[in-house]
Each structure stands twice: as C-alpha cells, then as structure tokens.
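Below, each chain spelled out in residue letters.
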Amino acid sequence: MGRFVISGGTDGIGRALALHYLRAGADVVVIGRSEEKFRRLVAEAGGGVSGVSGAGVAHFVGADLALAAENRRVVAEVTDRFPAIDALILCAAYLRTTRTVTAEGLEHTFALYYLSRYLLSHGLADRLEAAERPVVLNTSVPGASRDAVRWGDLQLDRRFTARRANQQSRRANELLGLMLRARPAGRIRHVLYNPGFVRTSHAGALSRPARALVSALAAVAATPVDRAVEPIVELIDQPPERQVSAYRRRHRLRLSAGAADVADAERLRSVTDRL
C-alpha cells in the first residue's frame, strides 16, 4: 500500500489522511507534538499495529516543527528507519495573529509554514526519489501575489501583519515547488493544494471571540474533514504528470513558472540555506 509521512498528522486534514491510509493498510509516519493525540488516532484506525486486520502500521515522531533543529532531527530519524517514502504530506499549521519569534530567532509563520516544509521536502527527497511515483502534497494554499516575499524583511521585523506573514509563506511554498523541480532526478511531483474552508479545530492563537466566530461559520459553511480529504487522496494516489501543479480541491489552478519565478526560487533557496 505504500509509506506516507504526514506533518501535522494528529489534527485536522493531516489526521484524516493518516486515518484513511492506516485503514487502507499503509505504513504511516505521523509527525506531531502530542503523543496522546497519536494514541487516539491509532485506536480510531483500528489498532495501527502489525497483525490488526484492516489497519496499517503507525509510527509517531514527536517534534515542534517551528524549530529548524527539530525538522533536521525528524529527517534523520525517518531516513534512518525507512529506505523509501511514497508521499510526503505537509499539513502542519498554527495561526499566529501577532508576531511571535521562535527559540531560534525566526518569525513563527515563516518558520512553520515555509522553513519546515523546505527542510522536510529537501531532507527527505532522496527517500522520495527511491519510490515508484513520489509526491509531495503541500497544503500551502497557492495563489499569493508574486511580490509577497519581503526580500528585505523576511522575518517581518518592521511591518508584521498576519496577512503579510500568510501571503509570504504561501508564495515561498510555490517557489519551493520550483526548487524541487530543479533537482537532477526530477521525479518528485510537488502539488500545492488549497483545501478551502474545512471543519477542523483551526489550531492557532485566536482570541475567544474570534474562535467562537470561526467555529460558528465552520458549522454552517465549512466542508467536513472526511469529505475534504477525498480530492487530496486522489492527487496522492495518482500524482499529476506536471512536476509542479496547484489545485483548489479538484480544480487545477494556473501556476506561474516563468524565468522570473525560477530566479526568485533560486534567490529564496540561497537565502534559506544561509538561514
């Protein structure tokens, strides 16, 4: 059935995908912060250990993915244990409405939404390329403006807003797809994905009124998580022919990949490596 590595795999879309693949009999590596949530996931999947009918094998890797050092540890642990990975599914998310700096001195949204995805996708690329049809599915919500990256202020020291941080990370993930396309083997399919408004816990540092509003809206307007993952599963099981593609649910989006975009991707790669 294959092996799947899921960041943010104990909540929301990541959890629903972990459940789906465990129930299908796959090997699933769940990256998250709560081992207790992982245990509940395994129980719901029907056991999640070898010999349990209808359930695959679940592995937990605990990590705070807002920290680069933790991402490197995850990469080392996964590469030590597994020779090949069929899919890397990037779902880790935590909304910050005010500027927060990690213990490593990086702005939190940049660190979690972009740098973690950069480190995991590059660090696990060799294991992905060992699979038959490797795919990176990145729930990064493509479609940010091409000038969203604040080249002179990547950590948003001067003019932070949650919207600027969100837009920058979304554009950075589009450029990350172009970086992976430039790898010599060129076998990994990188899918940038917008799931739309989904009925999940919406993890983040929201005020009580804001959380109440989001929950009320989700109850009437959001897609149930079980239905929201159906088109994601289709893209993972049958990756697109294009090396880099973007989707909103089942609708393919136009993705800019001209010379200027490639140059921006190389510029961001260079800056990220220095960080």
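For the structure, see preceding data.
For clarity, every value in this text was computed on a predicted model and none was experimentally measured.

Looking only at helices and strands, the protein has 10 helices and 10 strands in total. Per-residue burial over the protein gives 51% buried out of 275 residues. Carbon and sulfur atoms provide 49% of the accessible area of the protein, an area that totals close to 12600 Å².

We now examine the nonpolar core. If you look at the biggest cluster of nonpolar residues, it comprises 32 residues, and the most contacted ones within it are Leu-17, Tyr-21, Val-28, Ile-89 and Ile-236. In contact with Ile-236, other than residues within four places in its own chain, are Phe-4, Tyr-21, Ala-87, Ile-89, Val-135 and Leu-137. Within the second largest apolar cluster, 24 residues are counted, among which are Ile-31, Leu-65, Val-74 and Leu-128.

Our focus in this paragraph is the packing of helix 1 (residues 12-23) against helix 9 (residues 230-237). Packing of helix 1 against helix 9 brings their axes to within 11 Å, and their N-to-C directions diverge by 60°. As judged from the angle between their axes, helix 1 and helix 9 are oblique. Read as a crossing pair, helix 1 and helix 9 show a hand that is right-handed. Mapping the contact onto sequence places Ile-13, Leu-17, His-20 and Tyr-21 in helix 1 and Ile-232, Val-233, Ile-236 and Asp-237 in helix 9. Residue composition of the contact of helix 1 with helix 9, by class: six nonpolar, one polar and one charged.

Here the focus is helix 2 (residues 35-45). If you check which residues of helix 2 are buried, you get Phe-38, Leu-41, Val-42 and Ala-45. Taken down its axis, helix 2 places every buried residue within 100° of arc, on the same side. Packed against the buried residues of helix 2 are helix 1, strand 2 (27-32) and strand 3 (57-62). Of the residues flanking the end of helix 2, it is Gly-46, one or two places downstream, whose phi is positive at about 105°.

A few words on the environment of Lys-37. Tracing the chain through its elements places Lys-37 in helix 2. Residue Lys-37 is classed as partly exposed on the basis of its relative accessible area of 29%. With 26 residues separating them in the primary sequence, Lys-37 and Asp-11 have C-alpha atoms 8.0 Å apart. Excluding anything up to four places from it in sequence, Lys-37 contacts Thr-10 and Asp-11.

Turning our eyes to something else, we now look at the pairing of strand 2. Along strand 2, six of the six residues are buried, which leaves the element largely enclosed by surrounding structure. Of the two faces of strand 2, the one carrying Asp-27, Val-29 and Ile-31 and the one carrying Val-28, Val-30 and Gly-32 are both buried. With helix 1 bridging strand 1 (residues 3-7) and the parallel strand 2, this β-α-β connection has right-handed handedness. In this structure, strand 2 lies alongside strand 3, joined through six bridges in parallel fashion. Each residue of the ladder has a partner; that of Ile-31, found in strand 3, is Val-61.

Analysis parameters
Residues numbered from 1 in each chain as written. Predicted model: local features only at pLDDT ≥ 70, side-chain atom pairs only at ≥ 80, totals over all residues. Heavy atoms only, no water. Helix = DSSP H or I, 4+ residues; strand = E, 2+ residues; numbered from the N terminus. Buried < 20%, exposed > 50% of the residue type's maximum accessible area, 1.4 Å probe, protein only. Areas by Shrake-Rupley, 256 points an atom, 1.4 Å probe, with all protein chains shown as cover. Core = buried A, V, L, I, M, F, W, Y, C linked by side-chain atoms within 4.5 Å. Contact = heavy atoms within 4.5 Å. Axes fitted to C-alpha atoms, helices over the stretch in contact; angles between N-to-C directions. Parallel < 35°, antiparallel > 145°, perpendicular 65-115°, else oblique. Left-handed = near helix turned anticlockwise from the far one by under 90°. Nonpolar A, V, L, I, M, F, W, Y, C, P; charged D, E, K, R; others polar. Arc of directions from axis to C-beta. Right-handed = clockwise from strand over helix to strand, strands pointing away. Pairing = 2+ DSSP bridges.

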